[in-house]
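Here is how the chains run, residue by residue.
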Amino acid sequence: QVQLVESGGGLVQAGGSLRLSCAASGRSLITYAVGWFRQTPGKEREFVAAITWSSGTTAYVPSVKGRFTISRDIAKNTVDLVMNSLSPEDTAIYYCAAKRFASAVTLRGSSVDYWGQGTQVTVSS
């Protein structure tokens, strides 16, 4: 079992920045991909970014590329998502997710093994 706990959400003005953090516990993530998804009311959960734990390879949805950066801290067992140039369209609940025997490229919502509880990000215009 892997437990994922998100932190760092909040309210920010358009153009601002936020850092989300996902703390993982329970087992080694060496064979996992860890990523971030987001969801707004009435819409399906959307892939945002992911990282392959063993190699550090990353993947992003095109709408956040160049604005968001995902990284991992192997010693702390955490995955961060730094979000810059935020817009109201980025408003959502952000979820941390993990999938065993996956990579940043293959981690998608239908294949996730573990989810965090989510953290709200609100961007005001």
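The rules behind each value
- Residues numbered from 1 in each chain as written.
- Predicted model: local features only at pLDDT ≥ 70, side-chain atom pairs only at ≥ 80, totals over all residues.
- Heavy atoms only, no water.
- Helix = DSSP H or I, 4+ residues; strand = E, 2+ residues; numbered from the N terminus.
- Buried < 20%, exposed > 50% of the residue type's maximum accessible area, 1.4 Å probe, protein only.
- Salt bridge = Lys/Arg side-chain N within 4 Å of Asp/Glu carboxyl O.
- Phe/Tyr/Trp six-rings, centres within 6.5 Å; stacked < 30°, edge-to-face > 60°.

**Remarks on unusual backbone geometry**
Although it is not a glycine, N77 sits at a positive phi angle of roughly 60 degrees. Along the chain, N77 falls in the loop between β7 (68-73) and β8 (78-83). A positive phi is found at S85, a non-glycine position, where the angle reads about 50 degrees. In this structure, S85 sits in the loop between β8 and β9 (92-100). Residue S85 is classed as partly exposed on the basis of its relative accessible area, which comes to 44%.

**A few points about the pattern of salt bridges**
Following the criterion strictly, the structure yields 5 salt bridges and no others. The partner of R38 in a salt bridge is D90, with the nearest N and O atoms 3.0 Å apart. Of this pair, R38 sits in strand β4 (residues 32-39) while D90 sits in the loop between β8 and β9, and the two are 52 residues apart along the sequence. Of the residues examined, R38 reaches a relative accessible area of 7% and is grouped as buried. Accessibility expressed as a relative area gives 2% for D90, which makes it buried. In this structure, D113 and K99 form a salt bridge, with 3.4 Å as the shortest nitrogen-oxygen distance. On the criterion of sequence distance, the pair formed by D113 in the loop between β9 and β10 (114-115) and K99 in strand β9 is long-range, its members being 14 residues apart. Overall, the relative accessible area of 37% leaves D113 in the partly exposed class.

**What about the packing of aromatic side chains?**
Per the counting criterion, the structure on display carries 4 aromatic pairs. Relative to Y114, the ring of Y32 has its centre 6.5 Å away and its plane inclined at 35 degrees; by these criteria the two rings are tilted. In this pair, Y32 is assigned in strand β4 and Y114 in strand β10, connecting sequence segments 82 residues apart. Here Y114 falls in the buried class, since its relative accessible area comes to 17%. Judged by centre distance (6.3 Å) and plane angle (85 degrees), the ring pair of Y95 and W115 falls under edge-to-face. One end of the pair, Y95, is in strand β9; the other, W115, is in strand β10, with 20 residues separating them in the sequence. Taken together, the ring pairs connect F37, F47, Y95 and W115 into an aromatic cluster.

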